[in-house]
Structures are given as C-alpha cells and as structure tokens.
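Geometric and topological summary
Next come the chains, spelled out residue by residue.
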Amino acid sequence: GQSETFTFDVLVDSAATGQLDNTAVITTSDVDSNAANDSSTDTVNLQREVDLVLTKTADLATVVPGQDQVVYTFTVSHASASLSDTTNVVVTDVIPAGLSGVSIDAPTADSTSFSGGVITVGFNGLGVGETRTFSVVADVNDTATGVITNSGSVTSSVPDANPLDNSDSATITAEPEFDLVVVKT
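My aim in this report is to walk through the structure given alongside it, one point at a time. (Residues numbered from 1 in each chain as written. Predicted model: local features only at pLDDT ≥ 70, side-chain atom pairs only at ≥ 80, totals over all residues. Heavy atoms only, no water.)

**Some thoughts on the overall build of the protein**
- Across its full length, the protein holds zero helices and 12 strands.
- When the elements of the protein are put in sequence order from the N terminus, they spell out β-β-β-β-β-β-β-β-β-β-β-β.
- In terms of overall size, the protein is more extended than a compact globule, its C-alpha atoms giving a radius of gyration of 27 Å where 185 residues would be expected to give roughly 16 Å.
- By residue count, 30% of the 185 residues in the protein fall in the buried class.
- Of the roughly 11,700 Å² of accessible surface on the protein, 49% is carried by carbon and sulfur atoms. (Helix = DSSP H or I, 4+ residues; strand = E, 2+ residues; numbered from the N terminus. Rg over C-alpha atoms; globule rule 2.2 N^0.38 Å. Buried < 20%, exposed > 50% of the residue type's maximum accessible area, 1.4 Å probe, protein only. Areas by Shrake-Rupley, 256 points an atom, 1.4 Å probe, with all protein chains shown as cover.)

**Some points on unusual backbone geometry**
- In this model, Asn88 sits at a positive phi of 55 degrees, which is unusual for a non-glycine residue.
- Structurally, Asn88 is set in strand 6 (residues 86-94).

**Considering a nonpolar patch on the surface**
- A grouping of Phe6, Phe8, Val10, Val12, Leu20 and Val44 is seen on the molecular surface, where their side chains present a nonpolar patch of about 590 Å² in accessible area.
- Position of Phe8 among the secondary structure elements: in the segment before strand 1 (19-25). (Patch = residues over 30% accessible without salt bridge, like charges linked within 9 Å, V, L, I, M, F, W, Y side chains within 5 Å. Salt bridge = Lys/Arg side-chain N within 4 Å of Asp/Glu carboxyl O.)

**Notes on the environment of Ala144**
- Relative to the elements of secondary structure, Ala144 occurs in the loop between strand 10 (131-140) and strand 11 (146-155).
- Distance in space between the C-alpha atoms of Ala144 and Glu175 is 8.3 Å, their sequence separation being 31 residues.

So, to be careful, I would describe these as geometric facts and stop short of saying anything about function.
Okay, here's the thing in structure tokens:
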C-alpha cells in the first residue's frame, strides 16, 4: 500500500464556460488485481470573473450655451483583475438637461441607440485585455446654465467582481457669453 501525491496548475482559457473534467489514469507493467480503480475524474465548475472599468471624459470644461458642442469620450476596458472574457457589454448614458442634438460615433460597437434621452452602446463581447472607445457629441442648448454632470455605466452578462468602477461622470460648466454694446447719444 504505497501512494504518491502530486499537484499541478493548469491555465484555463478565458473564454471557457461550463464544466471542466480532468481524468487521471494510471498504468503498470505489473499484474493489476483491481483495474476498476485505475482512473479518477474530477469535475470543476468554471465561474467567470470579470472586472469591467468605464472611464468618461469631456473635451471642454467650460461651454458657451447656444454656441458650443461637447464631445464625451467613453472607454470600456477589463481591469487587471479580469480573468474571463465577457459577453453582452452595454454602456448606458442618460443625457442631462441642457444638451441636445446628440450623435454617437462608435465604429467598433455592435449596436447603438438614442431613445428617450438615453444612449445605449452594445458590444457582443469583450475579451480579457481588450478596450473599446467611442464618443458622443452633443450641442449645448442656449438655455443651459451652471454645472452639467453626465454619468454613464457599463454592465455585461457576467457578474462583475468590482462594480464600483462600472460608472463614471464628466462635468462641464455652462457660462453664457455676453456682448454688451453701449450707445451714447
């Protein structure tokens, strides 16, 4: 009755899903009195681990109502903690009051929409280490005043290990520009 134990590590593909069966088989050149116990299978249930990060910036800090456009740049990426590919990545952004004339430039997206003041940009998949960037352009209405904060968020079909970095905001300040003319008669 002698036994040997050994361990080894394997690298599982980042796109793997479901179960992973590992079967070990032992053979001998001697006569085996019980061949029924010469193999063993261990099944591992694979759980995906994703950490998506959304960052958002505005090209202008201060805008003139009725004159300027603002360009928001969105970047969706996997953080270094991501171990698995993900699917059905969706960025949602509610356009705040004071902005209109919205257009989306997302050439790598699989879907885009703007309805009811909400922008939705979808990617069918995002592999480990991949990044997607897109932009949204909006006109600043002539009635816009003060601080305008625009917030967005990202989700996917795989639970996120750190949902705290799944949203970001960009802030602009609308400051009217006046052209006063004094006429003296």
